[in-house]
Amino acid sequence: EDQVTQSPEALRLQEGESSSLNCSYTVSGLRGLFWYRQDPGKGPEFLFTLYSAGEEKEKERLKATLTKKESFLHITAPKPEDSATYLCAVQARTGNQFYFGTGTSLTVIP
Amino acid sequence: DTEVTQTPKHLVMGMTNKKSLKCEQHMGHRAMYWYKQKAKKPPELMFVYSYEKLSINESVPSRFSPECPNSSLLNLHLHALQPEDSALYLCASSQPGGGSYGYTFGSGTRLTVV
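Now for a quick tour of the structure. The shown structure was predicted, so the numbers you read here are calculated from the model rather than taken from an experiment.

About the cut-offs
Residue numbering note: each chain is counted from 1, following its sequence as written. Naming scheme: in the order in which they are written, chains are lettered from A and ligands are numbered from 1. pLDDT decides what is reported in this predicted model: residues at 70 or higher carry local features, side-chain atom pairs at 80 or more are listed and counted, and totals for whole chains, interfaces and linings draw on all residues regardless. Just so you know, side-chain values use all the structure's heavy atoms and leave hydrogens and water out. Helix and strand definitions here come from DSSP, where helices need a minimum of 4 consecutive H or I residues and strands a minimum of 2 consecutive E residues; each element is numbered from the N-terminal end. Atoms counted for the radius of gyration: C-alpha only. Globule rule: 2.2 Å times the number of residues to the power 0.38. Buried means the residue's accessible area, taken with a 1.4 Å probe over protein chains only, is under 20% of the maximum for its type, while exposed means over 50%, and partly exposed covers the values in between. Whether two residues touch is decided by their heavy atoms; if any such pair falls within 4.5 Å, the residues are in contact. Under the convention used here, a 1.4 Å probe and the Shrake-Rupley method define accessible areas, while residue burial counts only the protein chains that appear. In this scheme, strands are said to pair when DSSP sees at least two bridges between them. Axis geometry follows a simple rule: fit a line to the C-alpha atoms, using only the stretch in contact for helices, then measure angles between N-to-C directions, giving values from 0 to 180 degrees. Take the accessible area each of two parts loses on contact, using a 1.4 Å probe, and add the two losses: that sum is the buried area. Whenever a carboxyl oxygen of Asp or Glu lies within 4 Å of a side-chain nitrogen of Lys or Arg, that contact is scored as a salt bridge. Here a polar contact is taken to be a pair of N or O atoms separated by no more than 3.5 Å, where protein atoms must pair a possible hydrogen donor with a possible acceptor and residues adjacent in sequence count only if both atoms sit in side chains. Disulfides are defined as cysteine sulfur pairs within 2.5 Å.

Scanning chain A for helices and strands turns up zero helices and 11 strands. Overall, chain A shows an N-to-C arrangement of helices and strands of β-β-β-β-β-β-β-β-β-β-β. Taken against the 2.2 N^0.38 rule, which gives 13 Å for 110 residues, the C-alpha radius of gyration of chain A at 13 Å falls within 12% of a compact globule. Here chain A holds 110 residues, and 46% of them are scored as buried. Across chain A, the fraction of contacts at a sequence separation of at least 24, relative to all contacts at a separation of at least 6, is 55%. For chain A, the exposed area adds up to about 5300 Å²; of that, 48% sits on carbon and sulfur atoms.

This is the structure:
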């Protein structure tokens, strides 16, 4: 059964304190792994797509990496505006739908 | 600003009311989706339309009725809802199969059933 697990559930960081969010997945043939950011009461906003193990993507203070079993979202020197819920989703080769993880709620304290 | 527009942003309805949620995209995407999201939970897939045809219905109760009048529009008709249906309803679109950028989500409609 396809499954996505994110950890930690919540994370509080001081401004400038780097850390990583984890997304572990089990899927019968990965088509893509997606990272989204969601602010309260808003729809998820696309961040990255990763397709194969070893792939990395970067955007400002965020860097996403992928292995055969998990993905990490590394946050370097975060700022308060990085506070949000970060969602991971996987898409299997068969089928069209995404399977979302439960998200990590990140709070960056000034 | 999002390229998927949802209206209304907020909706309060009684259990006997009939209302509709609307979603519009002009990105040329041919797949559109309805998701339901409860507080502190991930989005849950409700319906998938591909080329204006319903391709997935995730066992959603019949009080939710989707409609895709054309490739740019997606509606969700609501009737006789229950208080537990209160949630953020998200519309999304993509190229069929997901595409390189995954789904583009709208900002959602916050629905409260009283």
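Residue and element names in this part refer to chain A. Taken in spatial order, the five strands of this open sheet run β1-β3-β8-β7-β6, and their pairing is antiparallel. Since the sheet does not close on itself, it has two edges, and those belong to β1 (3-7) and β6 (56-59), each with one partner. Within this sheet the neighbouring strands show an average axis-to-axis angle of 15°, counted without direction. Examined bridge by bridge, β1 and strand β3 (residues 19-26) share five bridges and lie antiparallel to one another. Directly across from Ser 7, in β3, lies its bridge partner Asn 22.

This next bit is on the pairing of strand β5 (residues 44-50) of chain B. Residues and elements named next belong to chain B. Burial of β5 is extensive: five of the seven residues sit out of reach of the surface. Pairing of strand β4 (residues 31-37) with β5 involves six bridges; the strand directions are antiparallel. Bridge pairing in β5 places Lys 36 opposite Glu 44. The antiparallel pairing of β4 with β5 creates a hairpin that spans six residues between the two strands, and Lys 40 there sits at a positive phi of about 60°. As paired elements, β5 and strand β6 (residues 53-57) share four bridges and run antiparallel to each other. When the bridges of β6 are listed, Ser 50 appears paired with Lys 53.

What follows is about the interface of chain B and chain A. Contacts between chain B and chain A engage 24 residues on the former and 19 residues on the latter. For the pair chain B and chain A, the summed buried surface comes to about 1500 Å²; carbon and sulfur atoms form 54% of the total. Viewed at the interface, chain A and chain B are joined by zero salt bridges. Along the contact surface separating chain B from chain A lie two residue pairs in polar contact (both at pLDDT 80 or more). Elements that contribute at least two residues to the side of chain B that touches chain A include exactly β4, β5 and β9 (87-94) of chain B. In terms of residue count, the dominant contributor to the side of chain B that touches chain A is β4(B) (four residues).

All names here are of chain A. Counted residue by residue, strand β4 (residues 30-38) has eight buried out of nine residues, so it is predominantly covered. In the sheet, β4 pairs with strand β9 (residues 84-92) via eight bridges, with the strands oriented antiparallel. Its bridge partner being in β9, Gln 38 is matched across the sheet by Thr 85. In this structure, β4 lies alongside strand β5 (residues 45-50), joined through five bridges in antiparallel fashion. Residue pairing across strands places Tyr 36 opposite Phe 46, the latter belonging to β5. In sequence, β4 turns back onto β5 through a hairpin of six residues, with Gly 41 there showing a positive phi of about 75°.

Turning our attention to the state of the cysteines. Under the counting rule described, the total for this entry stands at two disulfides over all chains. Between the sulfur atoms of Cys23(A) and its disulfide mate Cys88(A) the distance is 1.9 Å. Taking the sign of the S-S torsion, -55° for the link of Cys23(A) and Cys88(A), the bridge is left-handed. Residue Cys23(A) is located in strand β3, and its partner Cys88(A) is located in strand β9; the two are separated by 65 residues in the primary sequence. Neither Cys23(A) nor Cys88(A) differs from the other in exposure class; each is buried. Each sulfur in the disulfide pair Cys23(B) and Cys91(B) lies 1.9 Å from the other.

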